[in-house]
Amino acid sequence: MTVRSCGAAAAGAAVVALLSAAIAFHWPPLHAVLQRAFSLHTAHSTKDMENLLQLVRNIVPALTSKKHKGQDGRIGIVGGCQEYTGAPYFAGISALKVGADLTHVFCAREAAPVIKSYSPELIVHPVLDSSDAVEEVEKWLPRLHALVVGPGLGRDDLLLKNVRGILEATKARDIPVVIDADGLWLIAQQPALIHGYQKAILTPNRMEFSRLWEAVLSSPVDTKDHSGSILKLSQALGNITVVQKGEHDLISDGRQVLVCSQEGSSRRCGGQGDLLSGSLGVMVHWALLAGPEKTNGSSPLLVASWGACTLTRECNHQAFQKYGRSTTTTDMIAEVGTAFSKLFTT
Ligand SMILES: NC(=O)C1=CN([C@@H]2O[C@H](COP(=O)(O)OP(=O)(O)OC[C@H]3O[C@@H](n4cnc5c(N)ncnc54)[C@H](O)[C@@H]3O)[C@@H](O)[C@H]2O)[C@@H](O)CC1
Ligand SMILES: Nc1ncnc2c1ncn2[C@@H]1O[C@H](COP(=O)(O)OP(=O)(O)OP(=O)(O)O)[C@@H](O)[C@H]1O
Ligand SMILES: [Mg+2]
């Protein structure tokens, strides 16, 4: 697996930037070559890609007739409020389409009938704005393999307070947790809530990344050194895994940075991040279950994250081939099965 250590990343970038600037002025053709070399160095080679794909394949559980319902994943989604009902639906249905057996959505009362009406596949609990929300969710925790916190959660104080309690209970049970969207808003208010929890994965978009950075490092993000920035943020959060979404997805646990540059498309409709966080909920469970033996010693959380990013981008690519500018997240979700087979089925 290609890794870039913290020091090497920063030093490499600085040296290339300096050389580049000097050469651009004196010798433009070499400048272009250098830039290409640097971008190749930052990205993974085809061989690295193949290795990573193989690691993801290793964690995918076999489909056999010996299993019972639930074994391949019981995933909880914490989110859904009056304004946002699509996001928890996208995350939940994506988890199922990737291969989870059951998905439970814990949402605000008003959002529940709406989410249920989108799909009979999701189990929906209208508890998140109740006074005993933490106890209600806690009852289910022993039966859940992973929690995805944040899609469509909103920023209401009562909901956020309840989610704080749910996160504490989840950590106490050592359950893996993917934190996205407004869950990241909460973490930016209170980073201690997740600091050092080794089964947490944060999936910020650009805005969410800046918010987290400013909250934790009290300075503006260095927009020129993406690789160095994600390493630093992960380290400042106690080496938890961070997935920074963007033109290229960067994934780090503060020790190494993986890059996912799977071809997607130029279509940026809302909900793609929800597909990613829902998929990651299942894949992180699979990866932890498989253990480091199957991931060749690499962090199972990094492997799961890279797998979910690759899958999301492939869904985006496939849907865009069919629908172009009119592609929506629903079209991407319809591609999960074929994208998964193409990438991960041997
Ligand atoms: N159908 C739905 O119910 C959806 C609900 N969503 C929910 O909406 C809530 C707010 O999420 P947001 O992502 O809007 O909140 P953010 O606070 O992260 O983003 C605010 C704004 O930043 C901008 N932004 C995002 N990425 C950017 C980039 N790379 N460069 C420049 N600007 C960028 C976007 O225009 C966005 O409106 C969350 O609860 C989220 O889950 C979204 O998931 C989209 C779909
Ligand atoms: N410029 C880009 N080019 C290619 N893919 C991108 C680009 N930006 C984001 N993506 C991909 O889109 C997916 C979602 O990322 P995005 O930044 O849109 O998340 P988000 O803002 O949280 O989405 P959501 O609307 O669900 O909240 C990720 O898998 C990411 O790889
Ligand atoms: Mg989002």
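Described in the following lines is the structure provided in the data block.

The rules we used
Residues numbered from 1 in each chain as written. Chains lettered and ligands numbered in written order. Predicted model: local features only at pLDDT ≥ 70, side-chain atom pairs only at ≥ 80, totals over all residues. Heavy atoms only, no water. Helix = DSSP H or I, 4+ residues; strand = E, 2+ residues; numbered from the N terminus. Contact = heavy atoms within 4.5 Å. Near = heavy atom within 4 Å. Polar contact = N/O pair within 3.5 Å; in protein donor to acceptor, adjacent residues only side chain to side chain. Areas by Shrake-Rupley, 256 points an atom, 1.4 Å probe, with all protein chains shown as cover. Nonpolar A, V, L, I, M, F, W, Y, C, P; charged D, E, K, R; others polar. Pairing = 2+ DSSP bridges. Axes fitted to C-alpha atoms, helices over the stretch in contact; angles between N-to-C directions. Expected span 1.5 Å × (residues − 1). Buried < 20%, exposed > 50% of the residue type's maximum accessible area, 1.4 Å probe, protein only. Disulfide = S-S within 2.5 Å. Core = buried A, V, L, I, M, F, W, Y, C linked by side-chain atoms within 4.5 Å.

### Some details on the overall build of the protein chain
Check the secondary structure of the protein chain and you find 14 helices and nine strands. Contacts in the protein chain between residues far apart in sequence, at least 24 positions, make up 69% of those at least 6 positions apart.

### A few points about the site of ligand 2
Residues in close proximity to ligand 2 total 14 residues, the closest being Lys245, Asp249, Gly271, Gly273 and Arg313. Between an oxygen atom of ligand 2 and a side-chain N or O atom of Lys245, the distance comes to 2.6 Å. Residue Gly273 places a main-chain N or O atom 2.8 Å away from an oxygen atom belonging to ligand 2. Computed on the free molecule, ligand 2 has an accessible area of 620 Å², of which 79% lies beneath the protein chains in the complex. Of all elements in the fold, only α11 (272–290) and α12 (300–323) reach the threshold of two or more residues within the shell around ligand 2. Broken down by element, the residue count for the shell around ligand 2 peaks at three residues, all from α11. Per-class residue counts for the shell around ligand 2 are no nonpolar, eight polar and six charged.

### Regarding the sheet that holds strand β3 (residues 123–126)
Spatial strand order, β3-β2-β1-β4-β5-β6-β7-β8-β9: nine strands in an open sheet with mixed pairing. Both edges of this open sheet fall to β3 and β9 (257–260), since each of them pairs with a single strand only. The mean inter-strand angle of the sheet, taken between neighbouring strand axes irrespective of direction, is 20°. Sheet topology places strand β4 (residues 146–149) next to strand β5 (residues 177–179); three bridges connect them, and they run parallel. Directly across from Leu147, in β5, lies its bridge partner Val177.

### Quick look at the side chain of Asn316
Structurally, Asn316 can be placed in helix α12. Each residue touching Asn316, except ones within four places of it in the same chain, is listed here: Gly264, Ser265, Arg267, Arg268, Gln272 and Met332.

### Examining the environment of Asn239
Tracing the chain through its elements places Asn239 in the loop between α10 (226–236) and β7 (241–244). Residues Asn239 and Ser252 lie 13 residues apart in sequence; the distance between their C-alpha atoms is 8.4 Å. Once you skip the residues sitting within four places of it in the chain, Asn239 turns out to touch Gln198, Ser234, Asp253, Gly254 and Arg255. Among the polar contacts listed, one links the side chain of Asn239 to the backbone oxygen of Asp253, at a separation of 2.8 Å.

### As for α12
Within an α-helix, residues lying three or four positions from one another point in the same direction, as the helix has 3.6 residues per turn. Counted at 1.5 Å a residue, the expected span for α12 with its 24 residues is 34 Å, and the 34 Å between its end C-alpha atoms agrees. Along α12, 20 of the 24 residues are buried, which leaves the element largely enclosed by surrounding structure. Positive phi appears at Gly324, one or two residues downstream of α12, with a value of about 50°.

### Some thoughts on the state of the cysteines
Scanning all chains against the criterion turns up zero disulfides. The thiol of Cys107 is unpaired, and the distance to the nearest cysteine sulfur, on Cys81, comes to 9.4 Å. Residue Cys260 stays outside any disulfide, its sulfur separated by 5.2 Å from that of Cys309, the closest cysteine. According to the relative accessible area criterion, Cys260 is buried, its value standing at 1%.

### Observations concerning the nonpolar core
If you look at the biggest cluster of nonpolar residues, it comprises 55 residues, and the most contacted ones within it are Ile75, Val98, Ile115, Met283, Trp306, Leu311 and Phe344. Per-element accounting of this core gives the leading share, 10 residues, to α12. Those residues in contact with Leu311 that lie beyond four places of it in its chain are Val98, Ser279, Val336, Ala339, Phe340, Leu343 and Phe344. Phe106, Ala108, Ile166 and Ile187 belong to the second-largest nonpolar core, a separate cluster that totals 43 residues.

### Some remarks on unusual backbone geometry
In this structure, Asp174 takes a positive phi of about 65° despite not being glycine. With respect to the secondary-structure elements, Asp174 resides in the loop between α7 (157–172) and β5. We classify Asp174 as partly exposed; its relative accessible area is 41%. One non-glycine residue, Asn239, lies in positive phi territory at about 60°.

### A word on the pairing of strand β8 (residues 249–252)
Side chains Asp249 and Ile251 project from β8 onto one buried face, and the interleaved Leu250 and Ser252 project onto a second face that is buried too. Pairing analysis gives three bridges linking β7 to β8, with the strands arranged antiparallel. Residue pairing for β8: Val243 is matched across the bridge by Ile251. Here β7 folds back onto β8, and the loop between the two strands holds four residues.

### Details of the site of ligand 1
Taken together, 17 residues are adjacent to ligand 1, and Gly152, Asp182, Met207, Arg211 and Asp274 come closest. The separation between an oxygen atom of ligand 1 and a polar main-chain atom of Gly86 is 3.2 Å. Asn205 is positioned with one of its side-chain polar atoms (N or O) 3.3 Å from an oxygen atom of ligand 1. When ligand 1 sits alone it has 840 Å² of accessible area, and the protein chains cover 59% of it.

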